[in-house]
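# Fold and geometry: a report
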There are 2 protein chains.
Amino acid sequence: MTPVRSGRPTGDRLPTEPPRLVIDRVEPVVDGGRYPAKRLVGDAVTVRAIVYKDGHDLIAARVRYRGPGERRWRLAATTYERDFDRCTGSFVVDRIGTWRFSVEAWTDRFGTWRADLAKRVAARQEIEENLSEGATMLRAAGRRARGDGRTSLMELAALLDDTDAPVADRAERAVTADVVALVLAHLPPEDLTSLGTDFEVVVDRERAGFGAWYEMFPRSQGAKADRHGTWADAAQQLPRLAALGFDVVYLPPIHPVGRTNRKGRNNALVAGPADPGSPWAIGNSQGGHTAVEPALGTLAEFEAFVVAARDHGMEVALDYALQCSPDHPWVREHPDWFFIRADGSIKYAENPPKQCADIVPLHFWCDDWQALWRACREIVAFWVERGVRIFRVDNPHTKPFAFWEWLLGSLRREHPDLIFLAEAFTRPARMRGLAKLGFTQSYTYFTWRNTSWELRDYLTELTQTSMAEYFRPNFFANTPDILHEYLQHGGRPAFRARLVLATTLSPVYGIYSGFELCERTPVRAGSEEYRDSEKYQLRTRRWDAPGNINADIATMNRIRREHPALQRFANLEFLASENDGILAYHKHAPDNDLLIAVNLDAHRPQATMLHVPVAALGLDEDEPFRVEDLLTGSQYVWRGARNYVRL
Amino acid sequence: MTPVRSGRPTGDRLPTEPPRLVIDRVEPVVDGGRYPAKRLVGDAVTVRAIVYKDGHDLIAARVRYRGPGERRWRLAATTYERDFDRCTGSFVVDRIGTWRFSVEAWTDRFGTWRADLAKRVAARQEIEENLSEGATMLRAAGRRARGDGRTSLMELAALLDDTDAPVADRAERAVTADVVALVLAHLPPEDLTSLGTDFEVVVDRERAGFGAWYEMFPRSQGAKADRHGTWADAAQQLPRLAALGFDVVYLPPIHPVGRTNRKGRNNALVAGPADPGSPWAIGNSQGGHTAVEPALGTLAEFEAFVVAARDHGMEVALDYALQCSPDHPWVREHPDWFFIRADGSIKYAENPPKQCADIVPLHFWCDDWQALWRACREIVAFWVERGVRIFRVDNPHTKPFAFWEWLLGSLRREHPDLIFLAEAFTRPARMRGLAKLGFTQSYTYFTWRNTSWELRDYLTELTQTSMAEYFRPNFFANTPDILHEYLQHGGRPAFRARLVLATTLSPVYGIYSGFELCERTPVRAGSEEYRDSEKYQLRTRRWDAPGNINADIATMNRIRREHPALQRFANLEFLASENDGILAYHKHAPDNDLLIAVNLDAHRPQATMLHVPVAALGLDEDEPFRVEDLLTGSQYVWRGARNYVRL
């Protein structure tokens, strides 16, 4: 049977194949299907649709779905909630790549018949006619069944038609579980209605949705201050990072750094002779986006670093920053890829009145845009060939959205294991837009959300709206650009609180070097920039300096790995706390319920009565239950909904 | 310039014309554009879209729209809220029929240039290059301008390029209001991006969204009990109904009533010889859906009744009930249009265990469905030719949704002034579905919403969700099928409260004969059916019987006509009331603010402190203001937000 496509009739002519049922409001769908929903490999995708038709018939529906590269549709059954006219089914996405699904529905003729028969029997009405209709359906199913199934359906049909046999017996025999199963399996739908569209689900590997990131400048890892670090130096950090429990080591740009208008320490407009410059001023005579800064070492040494990280169970993420220093080879080879002034010179980056003379932006709509876009794609392909699978994309909101949609779509079709993190700190609509059109993860406003209501508000938006379908937050607690005043003024307790928030509110989070040492000196009061920022100079550190929070980091990363509830994002429920200084929430996974309470006040202890969701946990109102403090291992017995917490 | 269509690139090839901007989340749109939004003639349609692009440019957008039958698109400007990346524009729909609209956006190059220039001037930066860019834009605009405009743009361009002239003077001259207006008018967009889809708005006449309905059985209007009323009798009621302030007189089916299995008084399975039967058992040997019951009179007399109603400022609404009595001519002429039993007989209507032997349902998916569907359309066309423009559709949820979508679409293309009221009391998804696919108005659950929280909940759903775009409620306070226990037990105060609720909560409302007399005797305790229901017998009434609420009805209908705030639906805001027995709300229109308080307790007076939305009314917290009781004409001075009300 060919499914009938639903669609609106046009003109006054009769529709050729009017849809028998209405299928509406399918989920998960982003913006009516314009963008795919996102899932992780192994997830069950729960599909819901409103399905209805006229009259009082029962309805059946199924989900059609297929994995990446599959030609044949697979089918998943649904359950039907009549009061809501809603069908729900699910399928497991067991491979990465783009899956497709749709919904088909039809009249559950046999179910409707059974329900009507039961009502008539209860009302002691005449059912001879119903039994005869049932016999017709059993025969239709029987003709498509084989072997014993066929035989028993045909025999039962004959019994239903046998007016000499006792009516009650025939009615009972027709609705046994065996018969129902046989009929469901073989009775063809008469009015199969298809939605006419299908929807995409992009399925990523586990690391796209769960991982601890560490941002490190390899050039700062030299054994002595002011000696430019090498790949070998950087590799020395790998055992430490692995022991702390990190999964991803993210490196700012590793390419040759421009010399023209190079910036000096603390963003000085003129660099000293030994200043290494900002690594985001990419390219000089030694190469561009596919070269490695010679002071770090060779490409082969970089590849060895990637392998060493893998040996420690970690992945390397590279920075993908589509901008050039004025010394980048492209400036000479393709001056038309840049913005050219009337005098023939090339424009610097600017967002008036700010100017960055060490950087020239690319002109993504230049006449030769196709070649430029392809060249940008080649950069990624180059590093993919060298074993890199994760890219942190610098300022994607300053490049065309259509470019990203093409680039990410095209790359991920070839390499569905690629992960792209959007570093866009911009207005909400644009951050959402980048996530919709293909970024795997996104930086967020997390660093600027520090009070109880700010965090509740923001996390509610991220987890409870349609954003949960496509926007995967990466909660960096600090970055080279963002040292929030909460950390500046709050000291070590603030760093610990933010660590716990980042590690438990979001399955993907990150810290940037120095967070573990509670580094918190801004370049000046009121600024979020670090003093002596590593963006413009080398910085060596003693990783075991007093006051470090290494132990906390290792503990939190261990707890995250042990508790599935911390490995998914939208499974979050805020709990009532009677003190705004303490934020409390519940993370849930099967057999894994965590109650988390964080003292947001960096200056003094806070206490509250925490409202435990006893009903959700399957507890009685006054039942005692055991809780374990995962940080200390201590166990307590709590009772009922309100319990005391002091932090 | 051809607009670039936005769309997703496919394959690894570069997109041919990648969209420069993203246009997203357009409103008003129902289910992603699958169904039209609804508006009334004269309304301003406010269009919103999220529009963004990369970088820091300002954005401009316009709404493209066209009325029914228009070929050329018209354009409406929008305002741009940068923080929300949102553009908002509006157009007035001044004719009934289907309008279409879409959104186009482009970079506001001149605006961006002006903003950058101002920032540079403020930061005392070099602006010579900016002035030269400005000159280029002025020339581009000048080439498309004519006459003085062209001259002044060209002269100003020359000045901007004149490096000998003072910089500050040139910067100021470039951004005067005159220049900005000229440039906006003539500078062509370089990156015009169109959404690629357009959306429908169905525009109805005023009566579709504002009107008072009265349901009347013409056969009961005979001067004496048990004399079948005629059209002349029914016409006698018109002056009374006009004086009460009604706009629509809705008549249950007026066609010949079937004789086979005719129902008797109080739904008796066997009719007495004088019983007139249910008018919903349509058709006998004297005709079907296009005939008039001979006892009422002739078709010509019916047409005269329609004219008489019009002369009283009222319209006649007919019942469109697609079902037949077993005596309907179609049963003989087209037995294949019905459900046929194995023995060749035709099936009665049933919803097990209920059976209605006086009615046979139509088989909308019979082999000859096209002819049946066309015949159904012919019925409407027949009555349209006789002056009827409003149809109350009986149980539309028992006929295919695809049938309605075709029927209503096809009829309204020819007659956009038609109004169809869906009488579906069914599950929410199906009621919403009927409204989406074309019904002008819908019956609601209003009769079953009697407490404060029920009403707040239901009205919030109707006015604050997407339903407000397509679902127009008709708040019938009673029907021949629904006499709610609130009325049965509450007596006259309950009828008055429900009248005030219906008339003020919904611009479209109705009552069925007898409501004005507070008729409230159920057929039996616990039933919502009337005793001696007019569905099965004639009922004559004394319209001035003691205890009537005629004066209240006339008053409420007059107030509704005088106050625009009561003529629209979604302009509703509930007010805090400190007593659940009193429901309070605010209806707003320009220069027309009504505060409405209704005592829901039919048995005793209630008092409350009413919370007036002083801020919304433009009042200070403690400012005194004058309120007028529209029912009594009394005036009071209230002060601040909390004011005492006793009802």
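On a predicted model such as this, the values are computed, not experimentally measured, just so you know. (Residues numbered from 1 in each chain as written. Chains lettered and ligands numbered in written order. Predicted model: local features only at pLDDT ≥ 70, side-chain atom pairs only at ≥ 80, totals over all residues. Heavy atoms only, no water.)

## Some details on the relation of the copies chain A and chain B
Put simply, the rule is: The copies were overlaid by least squares, fitting only the C-alpha atoms of residues that reach a pLDDT of 70 or more in each copy. We call two residues in contact whenever any of their non-hydrogen atoms come within 4.5 Å of each other.
Its rotation angle being 180°, the transformation that places chain A on chain B also includes 0.0 Å of axial translation and leaves an RMSD of 0.1 Å. Read as a symmetry element, the transformation amounts to a two-fold axis. Relative to the rotation axis, the C-alpha of Gly-32 of chain A is the closest in chain A, positioned 2.7 Å from it. When the interface residues of chain A are mapped onto chain B, 100% of them again fall at the interface, so both copies present the same face.

## Details of the environment of Thr-193 of chain B
Residues and elements named next belong to chain B. Short version of the rule: Under the DSSP-based scheme used, a helix requires at least four consecutive residues in state H or I and a strand at least two consecutive residues in state E, with every element numbered from the N terminus. A 3.5 Å cut-off defines polar contacts: any pair of N or O atoms within that distance qualifies, except that in protein one atom must be a possible hydrogen donor and the other a possible acceptor, and neighbouring residues in sequence count only when both atoms are side-chain atoms.
Structurally, Thr-193 is set in strand S9 (residues 193-194). Along the sequence, Thr-193 and Glu-104 sit 89 residues apart, while their C-alpha atoms lie 5.6 Å from each other. Engagement of the side chain of Thr-193 in a polar contact is seen with the backbone nitrogen of Arg-20, the distance being 3.4 Å.

## Digging into the packing of helix H3 (residues 147-161) of chain A against helix H5 (residues 177-186) of chain A
For any two helices packed against each other, the geometry is given by the interaxial angle and the distance between the axes. Residues and elements named next belong to chain A. Note the cut-off: Axis angles are defined between N-to-C directions and span 0 to 180 degrees, where every axis is a line fitted to C-alpha atoms and, for a helix, only to the segment in contact. An angle counts as roughly parallel when it lies under 35 degrees, as roughly antiparallel when it exceeds 145, as roughly perpendicular when it falls between 65 and 115, and as oblique in every other case. Three classes are used: nonpolar for Ala, Val, Leu, Ile, Met, Phe, Trp, Tyr, Cys and Pro, charged for Asp, Glu, Lys and Arg, and polar for all others, with Gly counted as polar.
Packing of H3 against H5 brings their axes to within 11 Å, and their N-to-C directions diverge by 110°. Between H3 and H5, the angle is such that the two are roughly perpendicular. When H3 is examined against H5, the residues Gly-149, Ser-152, Leu-153 and Leu-156 are found in contact with a partner set consisting of Val-179, Leu-182 and Val-183. A breakdown of the residues in the contact of H3 with H5 according to their chemical character gives five nonpolar, two polar and no charged.

## Examining the pattern of salt bridges
How we decide: Just to be clear on terms, a salt bridge is a Lys or Arg side-chain nitrogen sitting within 4 Å of an Asp or Glu carboxyl oxygen. We call a residue buried when its accessible area falls under 20% of the maximum for its residue type, exposed when it is over 50%, and partly exposed in between, using a 1.4 Å probe and counting protein chains only.
Counted by the stated rule, this structure contains 96 salt bridges over all chains. Among the ionic pairs, Lys-436 of chain A bridges to Asp-31 of chain A, the shortest N-O distance being 2.8 Å. In this pair, Lys-436 of chain A is assigned in helix H12 (residues 428-437) and Asp-31 of chain A in the loop between strand S2 (22-27) and strand S3 (37-40), connecting sequence segments 405 residues apart. Its salt-bridge partner being Asp-552 of chain B, residue Arg-496 of chain B comes within 3.0 Å of it at the nearest N-O pair. Of this pair, Arg-496 of chain B sits in helix H15 (residues 485-505) while Asp-552 of chain B sits in helix H16 (residues 550-562), and the two are 56 residues apart along the sequence. Overall, Arg-496 of chain B belongs to the partly exposed group, its relative accessible area being 37%. Several salt bridges converge on common partners, so that one network encompasses Asp-24 and Arg-25 of chain A together with Asp-31, Arg-34 and Lys-436 of chain B.

## Considering the sheet that holds strand S23 (residues 572-574) of chain A
All names here are of chain A. The line we're drawing: Strands are labelled as partners when DSSP assigns at least two bridges between them.
With respect to topology, three strands assemble into an open sheet ordered S23-S24-S25, the strand pairing being antiparallel. Looking along the sheet, the strands with just one partner apiece sit at the ends: S23 and strand S25 (592-599). Geometrically, the sheet is characterised by an average inter-axis angle of 25° between neighbouring strands, direction not taken into account. The pairing of strand S24 (residues 582-589) with S25 spans eight bridges and is antiparallel. Note on S25: the bridge partner recorded for Tyr-585 is Ile-596. Along the sheet, helix H13 (residues 452-464) contacts S23 and S24; its crossing angle with S23, the most-contacted strand, is approximately 145°. Here helix H15 (residues 485-505) sits on the sheet in contact with S23, S24 and S25, set at roughly 25° to S24.

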